[in-house]
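# Coordinate inspection notes
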Amino acid sequence: MSDYKITAAEAQEFGRVAVLLGGDSAERSISLRSGAEVLKGLCNAGVDAFAIDLCAEGADPVAQLLAAEFDRAFLILHGRGGEDGTLQGLLEMLKKPYTGSGVAASALGMDKLRCKQLWMGAGFPTPAFAELRPETDLAEVARTLGFPLMVKPVHEGSSIGMSRVLDLDQLKAAYAEAARYDHQVIAEQWIQGAEYTLAILNDQALPVIRLETTHDFYDFNAKYEANDTRYLFDHQLSEARYDALKTLALRAFQAVGCRGWGRVDLMMDSQGNFQLLEVNTLPGMTDHSLVPMAAREAGMSFAELVVSILRTARRDREA
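Reading guide: rules and limits
- Residues numbered from 1 in each chain as written.
- Predicted model: local features only at pLDDT ≥ 70, side-chain atom pairs only at ≥ 80, totals over all residues.
- Heavy atoms only, no water.
- UniProt positions renumbered as here; feature names shortened; annotations may be inferred.
- Phe/Tyr/Trp six-rings, centres within 6.5 Å; stacked < 30°, edge-to-face > 60°.
- Lys NZ or Arg CZ within 6 Å of the ring centre and 35° of its normal.
- Buried < 20%, exposed > 50% of the residue type's maximum accessible area, 1.4 Å probe, protein only.
- Helix = DSSP H or I, 4+ residues; strand = E, 2+ residues; numbered from the N terminus.
- Pairing = 2+ DSSP bridges.
- Right-handed = clockwise from strand over helix to strand, strands pointing away.
- Polar contact = N/O pair within 3.5 Å; in protein donor to acceptor, adjacent residues only side chain to side chain.
- Contact = heavy atoms within 4.5 Å.
- Axes fitted to C-alpha atoms, helices over the stretch in contact; angles between N-to-C directions.
- Arc of directions from axis to C-beta.
- Salt bridge = Lys/Arg side-chain N within 4 Å of Asp/Glu carboxyl O.

The name that an unreviewed UniProt entry assigns to the chain is D-alanine--D-alanine ligase, with the source organism given as Nitrincola lacisaponensis. The Sequence similarities (unreviewed entry) comment attached to the chain in UniProt states, word for word, "Belongs to the D-alanine--D-alanine ligase family."

Moving on, we get to the packing of aromatic side chains. Going through the model one piece at a time under the given rule, you end up with 1 aromatic pair. One Lys or Arg, Arg 16, reaches over the ring of Phe 50 and ends 4.0 Å from the middle of that ring. Lying over the aromatic face of Phe 70, Lys 96 brings its terminal NZ or CZ to 4.8 Å of the ring centre.

With that out of the way, let us pick up the pairing of strand E1 (residues 16-21). Regular strands show a simple pattern: their side chains alternate between the two faces of the sheet. Of all 6 residues in E1, 5 are buried, a share of seventy percent or more. In the sheet, E1 pairs with strand E2 (residues 48-53) via 6 bridges, with the strands oriented parallel. Bridge pairing in E2 links Val 17 to Ala 49. Handedness of the β-α-β unit built from E1, helix H2 (residues 28-44) and E2 comes out right-handed. One ladder, built from 4 bridges, connects E1 with strand E3 (residues 72-75); its direction is parallel. The partner of Ala 18 across the bridge, within E3, is Ala 73.

With that out of the way, let us pick up the UniProt feature "active site" (unreviewed entry) in the chain. Taken from the UniProt record, the annotation "active site" (unreviewed entry) applies to Glu 27, Ser 158 and Ser 289. Here Glu 27 is to be found in the loop between E1 and H2. Using a relative accessible area of 4% as the deciding quantity, one classes Glu 27 as buried. In this fold, Ser 289 is placed in the loop between strand E13 (274-280) and helix H11 (290-297). The exposure class assigned to Ser 289 is buried, which follows from its relative accessible area of 5%. Within polar-contact distance, the side chain of Ser 289 engages the backbone oxygen of Gly 284 at 3.3 Å.

Across the 8 residues of H11, 6 count as buried, placing the element largely inside the fold. Looking only at H11, the buried set comprises Leu 290, Val 291, Pro 292, Met 293, Ala 294 and Ala 295. Residues of H11 that are buried make contact with strand E8 (195-201), strand E10 (209-212), strand E11 (230-232), strand E12 (261-268) and helix H12 (302-310).

Hydrogen bonds along the backbone pair up the strands of a sheet, which may run parallel or antiparallel. Judged by pairing direction, the sheet is parallel, and its 3 strands sit side by side in the order E2-E1-E3 without closing on themselves. At either end of the open sheet lies a strand with only one pairing partner, and these are E2 and E3. On average, adjacent strands in this sheet sit at an angle of 30° to one another, irrespective of strand direction. Strands in contact with helix H4 (residues 86-94) are E1 and E3; relative to E3, the strand with the most contacts, it is inclined by about 175°.

The complete set of buried residues in helix H7 (residues 138-145) reads Leu 138, Val 141, Ala 142 and Leu 145. The buried residues of H7 occupy an angular sector of 100° when projected down its axis, which confines them to one face. More than 90 degrees from the buried face of H7, the exposed residues found are Arg 143 and Thr 144. Residues of H7 that are buried in the fold lie against strand E4 (129-132), strand E5 (149-153), helix H8 (168-179) and strand E7 (185-189). Downstream of H7 by one or two residues, Gly 146 has phi in the positive range, about 75°.

Further remarks concern the pairing of E13. Among the 7 residues that make up E13, 7 are buried, leaving the element largely enclosed by the rest of the structure. Inspection of the sheet shows E12 paired to E13 by 6 bridges, in the antiparallel sense. Looking at E13, one finds that Asp 265 is bridged to Glu 278. Two successive antiparallel strands, E12 and E13, enclose a turn made up of 5 residues, where Gly 272 displays a positive phi of approximately 85°.

A word on the pattern of salt bridges. In this structure the tally under the stated criterion is 15 salt bridges. With its nearest N and O atoms 2.7 Å apart, the salt bridge here joins Asp 53 to Arg 28. With Asp 53 in strand E2 and Arg 28 in helix H2, the pair connects residues that are 25 residues apart, well separated along the chain. Where salt bridges share partners, they join Lys 116, Lys 152, Glu 188 and Glu 278 into one cluster.

With that out of the way, let us pick up the sheet that holds E5. With antiparallel pairing, the 4 strands of this open sheet are ordered in space as E4-E7-E5-E6. Strands at the two margins of the open sheet, each flanked by one partner only, are E4 and strand E6 (163-165). Taking the axes of each pair of neighbouring strands and ignoring which way they run, one obtains an average angle of 25° across the sheet. Bridging between E5 and E7 involves 5 bridges; their strand directions are antiparallel. Looking at E7, one finds that Lys 152 is bridged to Ile 186. Strands E4, E5 and E7 of the sheet are contacted by helix H6 (residues 112-121), whose axis makes an angle of about 150° with E4.

So, in structure tokens, the structure goes:
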């Protein structure tokens, strides 16, 4: 347990803090785990915090928020309904400060298609892709992008519904699987190279993590269950390349309009160029999660991390 404690004055300034967790997305189980860790960290630091599972069985999310007495919210709902601007908009109407990105940035960050379109329009590097619809000629997509391909639901996180495909039959099956989770699906050109993730806190980059997995890609199991996934702070980059990686991630984060905290995932392609994969506006905070790992490497305890995030809580119009 961390011995980090906030002052009585800061505890009074924070007031009563609602940790909003759970939700009803495909990432509910991870949100419950993340939320439990966040609540423990805040309480250990001396914050007057309590949890609200917005989609507990039989519960009405709006009624819960209207009935609860709190001064600010720590958001840790992953996926749709919590990470996509919906909850942020409700808290705006309630005039409650909250952690993380505002309405528009949350919606963009959750939408892989529009986030990539924004990055491309801003001149940032991101893998070539195609939107998949029921009428899409998948054979033409394969000819244009080549194999392997990564197929992704547009509005899911935690690698849910994602597949690496090597031929047309696998592409058809992967599209059907992704479409179970979302009516919008993209196929993205496969990048063969080192994978990096960069956590951002208060517009500052935390230490870069290089990921290694024995799986085909960094999938749900590799993220949350596997014990053989390697999280390396030996990034194997020159100082100039390391600075370029951090600069790209920060600029991409800011271009989406993100604030407070989050995470940007990137890969280095076979030509040595960095490629943006996606931005996470409410990353995981479990014992397998990347942001707490990066914070520890920077010398920050979990309690310090969650309090630092809490300090960023404000309303979108105050940004």
